[in-house]
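# Close look at the chain arrangement
Okay, here's what each chain looks like letter by letter:
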Amino acid sequence: MTDVLGVLVIARNGDRTEYYQDPKTYESSYTESTALGAAESHQLGTFLRSTYMSPASPSYIANLKTDLVDTHEVHVHVKAGGEGTVIFDSAIALLQGLFPPNPANKIVLANGTTVIAPLGGYQYVPIETVEPFNDRTLEPWTNCPAFEQHISNVYSSPEFKATARAAGPFFGAVRDYVFGRSTTLENAWNIYDYVSTELSHNKTYAHRLPPTLVEQARGLADYHENAIFSDKDVGGIGNLAGRTVLHTVLESLQRIAFNGDPLQFLLVETSYQPFISLFHMLEMTNENPELAAIPNYASALAFELRRGPPPEDRDFVRIKFKNGTNGDFETYHAFSHKADISATEFIYKIRNYAITSQKQWAAACTSGLQDDLFHIGSQNATSSTVFAILAAVFLLGMFILSKFVKNARAKAQSTRIRLADDEVSHSHLPQSQHPNYGTVFNVGPGIAPF
């Protein structure tokens with residue numbers, strides 16, 4: 001039997017309202033949490049508590065404080081991009097299940113008064129939000145030209161086109177149930193999301209929807225998202241969602257292994273995309289093809305760091321996945337192993353594919369786009385030609401402007417009326433004879449009047 005030293009859990013958000021994603025760019029629309037989604041995430045939190053914080057569990061983390069949260073031992077990262085409010089709400093609900101209210105969460109004031117936190121000792125666990133504009137760890141696929149090109153390549157591939165033709169009867173049948181939404185394979189995610197959302201929350205719609213349509217929609221959405229968020233090359237742009245979060249996975253395992261670091265439990269609350277990429281990158285889909293799909297709401301992927309049984313002194317990584325609110329964790333093996341993989345081997349095999357900084361993300365998002373004029377450091381002939389043309393146009397414009405000014409001055413000189421005697425300077429005129437040029441705006445530095 002092995003002892004669990006700590007764990008990283010990647011959790012998907014719970015149920016929400018309809019969520020549209022642009023099929024070409026994956027820019028997203030607004031969505032809201034539902035009571036069902038909160039209940040799903042809370043249930044997941046309760047499950048994680050029973051798994052890692054109960055002495056009766058084989059995965060019990062012995063040194064983790066379980067009654068009152070120790071914020072040095074427990075960290076929480078939450079995606080704040082697309083679906084951001086929903087994901088944040090899901091994290092809050094999960095943490096309510098993970099660290100429920102405890103009357104011991106109290107303080108004694110100087111006057112001897114004891115004050116218990118609201119709601120019977122509610123525990124406020126700090127959350128670190130991850131915003132895409134300054135950290136691409138949890139949403140690297142938006143505003144990424146190379147990823148948009150990858151999407152376009154998927155759509156133009158022979159396999160995708162063949163699948164679209166084969167799905168023609170379904171798209172014809174579902175047209176009357178999506179109310180003007182595009183019925184193409186490119187839009188498969190949005191079709192499924194609308195149908196499944198209405199099926200859950202609209203009683204009239206649920207009664208009218210023909211049997212098997214939602215299952216067919218789910219199958220095509222699984223195919224679509226798996227094609228977009230995976231890649232034949234482990235370090236390919238299709239695996240971008242996994243490559244950015246992988247840095248967090250590896251760093252947390254190393255921190256847990258280090259005796260001087262108190263971290264023992266890291267929760268990453270995010271959307272579904274990193275699950276798909278990681279399953280492919282770790283080669284888990286080779287023997288478990290069912291993982292090449294969208295994980296259900298409130299799914300959890302756990303990376304446990306375990307100490308090997310005596311006399312083994314190495315640490316091992318065990319990967320577990322729970323697909324939605326039903327069932328228990330199931331153990332999966334990375335890189336075709338038949339058992340837990342040593343932590344050193346796990347890190348060695350995958351670390352070179354991790355994206356660890358904004359600079360690396362930017363490089364990945366411009367890689368292969370040789371005609372991108374905004375590609376930093378590009379020395380290709382196209383960019384040089386463009387800059388040469390711009391310089392020539394600028395010089396030509398300056399030449400024409402100088403000619404125009406010179407001609408205008410010459411014309412003014414020839415038409416000026418001179419007096420018989422010496423010219424009279426305006427400074428010698430009476431004040432009333434100064435010409436009136438109107439009002440001059442008092443404009444500050446760098447600001448022009450409109």
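Refer to the preceding data block for the structure.
The present account deals with the structure reproduced in this document.

Reading the values: rules and limits
- Residues numbered from 1 in each chain as written.
- Predicted model: local features only at pLDDT ≥ 70, side-chain atom pairs only at ≥ 80, totals over all residues.
- Heavy atoms only, no water.
- Helix = DSSP H or I, 4+ residues; strand = E, 2+ residues; numbered from the N terminus.
- Contact = heavy atoms within 4.5 Å.
- Areas by Shrake-Rupley, 256 points an atom, 1.4 Å probe, with all protein chains shown as cover.
- Phe/Tyr/Trp six-rings, centres within 6.5 Å; stacked < 30°, edge-to-face > 60°.
- Buried < 20%, exposed > 50% of the residue type's maximum accessible area, 1.4 Å probe, protein only.
- Lys NZ or Arg CZ within 6 Å of the ring centre and 35° of its normal.
- Salt bridge = Lys/Arg side-chain N within 4 Å of Asp/Glu carboxyl O.
- Disulfide = S-S within 2.5 Å.
- Polar contact = N/O pair within 3.5 Å; in protein donor to acceptor, adjacent residues only side chain to side chain.
- Arc of directions from axis to C-beta.

The subject of this paragraph is the overall build of the protein chain. Along its length, the protein chain carries 14 helices and 10 strands. Counted over contacts in the protein chain with a minimum sequence separation of 6, partners at least 24 positions apart contribute 70%. Approximately 24300 Å² of the protein chain is accessible, and the part contributed by carbon and sulfur atoms is 57%.

This part takes up the packing of aromatic side chains. In this structure the tally under the stated criterion is 20 aromatic pairs. Taking the centre distance of 5.2 Å and the plane angle of 65° together, the rings of phenylalanine 47 and phenylalanine 329 count as edge-to-face. Note that phenylalanine 47 is positioned in helix α1 (residues 35–52) and phenylalanine 329 in the loop between β8 (315–322) and β9 (330–332), a separation of 282 residues in sequence. Judged by its relative accessible area of 15%, phenylalanine 47 falls in the buried class. With a centroid separation of 5.5 Å and an interplanar angle of 35°, the aromatic rings of phenylalanine 147 and phenylalanine 229 are classed as tilted. Of this pair, phenylalanine 147 sits in helix α4 (residues 145–156) while phenylalanine 229 sits in the loop between α9 (213–228) and α10 (240–257); the two residues are 82 residues apart in sequence, bridging distant segments of the chain. Each member of the pair phenylalanine 147 and phenylalanine 229 is classed as buried. Geometry around phenylalanine 335 places lysine 349 over its ring, the cationic atom sitting 5.6 Å from the centre.

Applying the stated criterion to the full structure yields 14 salt bridges. With its nearest N and O atoms 3.4 Å apart, the salt bridge here joins aspartate 70 to lysine 65. Aspartate 70 sits in the buried class, given a relative accessible area of 18%. Given the relative accessible area of 46%, lysine 65 is considered partly exposed. The partner of lysine 338 in a salt bridge is glutamate 287, and the shortest N-O contact between them spans 3.2 Å. Pair noted here: lysine 338 is in the loop between β9 and β10 (341–342) and glutamate 287 is in the loop between α11 (273–281) and β7 (300–307), with a separation of 51 residues, a long-range link. For lysine 338, a relative accessible area of 63% translates into the label exposed. Connected through salt bridges with shared partners, the residues Arg16, Glu83 and Asp193 form a single ionic network.

Further remarks concern unusual backbone geometry. Note that the residue after proline 310, namely proline 311, is joined by a cis bond; omega there is 5°. With respect to the helices and strands, proline 311 occurs in the loop between β7 and β8. Of note in this structure, phenylalanine 179 is not a glycine but carries a positive phi near 50°. On the secondary structure map, phenylalanine 179 appears in the loop between α6 (168–174) and α7 (188–201). Positive phi outside glycine occurs at threonine 212, with the angle close to 75°. Counting through the fold element by element, threonine 212 comes out in the loop between α8 (203–208) and α9. When its relative accessible area of 47% is taken as the criterion, threonine 212 is described as partly exposed.

Time to look at the state of the cysteines. When the sulfur atoms of two cysteines share a covalent bond, that bond is a disulfide. In this structure the tally under the stated criterion is 1 disulfide. Covalent S-S linkage joins cysteine 144 and cysteine 365, the inter-sulfur distance amounting to 2.0 Å. As the torsion about the S-S bond is roughly -105°, the cysteine 144-cysteine 365 disulfide counts as left-handed. Here cysteine 365 lies in helix α13 (residues 358–366) and cysteine 144 lies in the loop between β5 (128–130) and α4, a separation of 221 residues in the sequence. Taken as a pair, cysteine 144 and cysteine 365 share a single burial class, namely buried.

This part takes up the environment of glutamine 273. With respect to the element layout, glutamine 273 can be found in helix α11. Residue classification places glutamine 273 among the buried residues on the basis of a relative accessible area of 1%. Taking the C-alpha atoms as reference points, glutamine 273 and phenylalanine 229, 44 residues apart in sequence, are found 6.5 Å from one another. Residues within four places of glutamine 273 in sequence aside, it is in contact with Gln21, Lys79, Trp141, Phe229 and Ala241. Within the local environment of glutamine 273, its side chain forms a polar contact with the side chain of serine 271, the two groups lying 2.6 Å apart.

Regarding helix α12 (residues 343–350), the residues found buried are Ala343, Phe346, Ile347 and Ile350. Seen along its axis, α12 keeps its buried residues to an arc of 95°; they face one direction. Along α12, the residues that are exposed and aim more than 90 degrees away from the buried face are Thr344 and Tyr348. At its buried positions, α12 is contacted by α10, α11, β7, β8 and β10.

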